[in-house]
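Here are the chains, one letter per residue:
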Amino acid sequence: MLELDNVSKIANGETHLSDISLRLESGSLNVLLGPTLSGKTSLMRIMAGLDRPTRGRVLSDGKDVTGLAVQKRNVAMVYQQFINYPAMTVYENIASPLRIAGADKATIEREVARAAELLRLGPYLQRTPLNLSGGQQQRTALARAIVKKAGLVLLDEPLANLDYKLREELRAELPKIFSESGAIFVYATTEPSEALLLGGATATLSEGRVTQFGPTVEVFRNPVDLMTAQTFSDPPMNLLPMEKRQGMFVKQGVRDIPVPAELSHLADGPCTLGFRPHNLSLVAGAGTTPLSAEVMVTEITGSESYVHLIHEDQRWVMLTKGIHDVDAGKMMDVHLDTAHLMVFDRNGQTVRTQPAGA
């Protein structure tokens, strides 16, 4: 088990991490999700022992390891910018942790062969990294982490430089690969879709703070605040500032939206409605409210269309099935499914999340 106890990191007067407490169980898959500069890499460096926190403690299986050098910890790390030994063959790169650990020849051959098969490196074992593609070099770094059998495996956006097909395959394989070892698996990403594909537990980060930590699907469906909801939304969550007045959400120029019965206790005043792109539609339906918006651009993927809209000063995205080539500059009504609204109070705290399946 790895435990972070009120960890903060301040450098040159700038706060990189603020009062982070996390408990990561052995054999668990944990995702750090947040935009660039949210603190993911800083947090992983402290987990690994590459940096020491300014305040707080790091405990491994109950033992205080704060400040213990990475060389004295059983840690494997893989970065977005892959690191391999350029003078060694792929085989020797993968085998290097085993040789350092004093493994016998048979063990080395078996483990290298297994990792090479998992990561499709069999034909390239006698090449040097400089004779590999970027994706092959990254897979070599991943294979080296696999054979090390570390208790803590830290992956800092490791698939960002791979082609789409291989990235999707590895996203599915990685949890299986590491779950067998019983290691603590920590995976940093900027992509909400990647967190959902990996599963496990997710910690959402914003400006050096962990805003929420829990089972990935639970955090996605039930964010505790607006910041978490925005962090876990791609395309971005659509927002509509309104005001609650008795039984209605109201705003000049917008049709009144009935307040759900379970929010009758909510105090009157400013609030923010949040809704995901697939909760907007081109056609009216039961329980929908029309909203006027201007089309900015339409992205067609083939099976789906992303229609980028602007409503007053709010930028929205509507996701609709099929091909819909809507002209830019057109004013149109889009229809909001009010059953699936998220509602945030004036302080940005969640007062209503989306129901399961929304």
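Per chain, residue numbering runs from 1 following the sequence as it is written. Note on the predicted model: pLDDT of at least 70 is required for a residue's local features to be given, and 80 or more for side-chain atom pairs to be given and counted; whole-chain, interface and lining totals, by contrast, use all residues. Just so you know, side-chain values use all the structure's heavy atoms and leave hydrogens and water out.

Draft legend 1. Region of the structure containing the domain arrangement of the chain. The domains assigned to the chain are domain 1 (2-231) and domain 2 (236-344). Boundaries of every domain are those given by an automatic assignment or by a domain database. Computed over C-alpha atoms only, the centres of domain 1 and domain 2 are separated by 37 Å. Only heavy atoms matter for contacts: two residues are in contact if any of them lie within 4.5 Å across the pair. Listed as interface residues are 7 residues of domain 1 and, on the opposing side, 5 residues of domain 2. A buried area of about 530 Å², summed over both sides, lies between domain 1 and domain 2, and 72% of it is on carbon and sulfur atoms. In this description, buried area is defined as the sum, over both parts, of the accessible area (probe of 1.4 Å) that is lost when the two are combined. Contact with domain 2 buries surface across domain 1, with Phe220, Leu226 and Ala229 losing the most and accounting together for 68% of the total. Salt bridge, as used here: a side-chain nitrogen of Lys or Arg that lies within 4 Å of a carboxyl oxygen of Asp or Glu. On inspection of domain 1 and its partner domain 2, the count reaches 0 salt bridges. Counting of polar contacts relies on pairs of N or O atoms within 3.5 Å, with two restrictions inside protein: one atom must be capable of donating a hydrogen and the other of accepting it, and residues adjacent in sequence are counted only when both atoms are side-chain atoms. Summed over the shared surface of domain 1 and domain 2, the number is 1 residue pair in polar contact (both at pLDDT 80 or more). Secondary structure follows DSSP: runs of H or I at least 4 residues long count as helices, runs of E at least 2 residues long count as strands, and numbering of each begins at the N terminus. Sorting the residues of the side of domain 1 that touches domain 2 by element identifies α7 (216-221) and α8 (226-231) as the ones contributing at least two each.

Draft legend 2. Inspection of the sheet that holds strand β16 (residues 288-300) at higher detail. Two strands qualify as a pair provided DSSP detects at least 2 bridges between them. Ordered in space as β15-β19-β16-β17-β18, the 5 strands form an open sheet in which the pairing is antiparallel. The two strands at the open ends of the sheet, each matched to only one other strand, are β15 (280-281) and β18 (314-321). Bridging between β15 and strand β19 (residues 331-337) involves 2 bridges; their strand directions are antiparallel. What sits directly across from Ser281, in β19, is His335.

Draft legend 3. Representation of helix α1 (residues 40-48) within the structure. Think of it in three bands: residues with accessible area under 20% of the maximum for their type are buried, residues over 50% are exposed, and the middle band is partly exposed, with areas taken using a 1.4 Å probe on protein chains only. Listed as buried for α1 are Lys40, Leu43, Met44, Ile46, Met47 and Ala48. Looking one or two residues beyond α1, the residue adopting positive phi is Gly49, at roughly 95 degrees.

Draft legend 4. A look at the environment of Arg99. The topology assignment puts Arg99 in helix α2 (residues 90-100). Expressed as a C-alpha distance, the spacing of Arg99 and Lys148, which sit 49 residues apart in the sequence, is 10.0 Å. Discounting residues that sit within four places of it in the chain, Arg99 has contacts with Tyr91, Glu92 and Ile108.

Draft legend 5. Summary view of the nonpolar core. Counting 41 residues, the largest nonpolar core has Ile94, Val112, Leu142, Leu155 and Leu174 as the members making the most contacts within it. When residues in this core are grouped by element, the largest group, 6 residues, is from helix α4 (residues 134-148). If near-sequence neighbours (up to four positions away) are discounted, Leu174 is found in contact with Leu142, Leu155, Leu159, Phe185 and Tyr187. Take the buried residues of types Ala, Val, Leu, Ile, Met, Phe, Trp, Tyr and Cys, join any two whose side-chain atoms come within 4.5 Å, and each joined set is a nonpolar core. Counting residues in hydrophobic clusters, the runner-up holds 25 residues, among them Ile257, Val259, Leu263 and Leu341.

Draft legend 6. How the structure looks around the side chain of Thr228. Relative to the helices and strands, Thr228 is located in helix α8. Among all residues touching Thr228, those that are not within four sequence positions of it are Thr204, Thr211, Gln212, Val219 and Pro223.

Draft legend 7. Up close: the confidence of the model for the chain. Every residue is assigned a pLDDT by the predictor, reflecting its confidence on a scale from 0 to 100. Taken over all residues, the pLDDT of the chain has a mean of 91, while the share at 70 or more is 98%. The least confident element of the chain is helix α5 (residues 164-179), whose mean pLDDT is 76; the most confident is strand β10 (residues 209-215), at 98.

Draft legend 8. Structural view of the side chain of Ser28. Of note, Ser28 is situated in the loop between β2 (14-24) and β3 (29-33). Classification of Ser28 by relative accessible area gives buried; the value is 17%. Here the side chain of Ser28 touches Asn30 through a polar contact of 2.9 Å, side chain to side chain. Apart from the residues lying within four places of it in its own chain, the contact partners of Ser28 are Ala183, Ile184 and Phe185.

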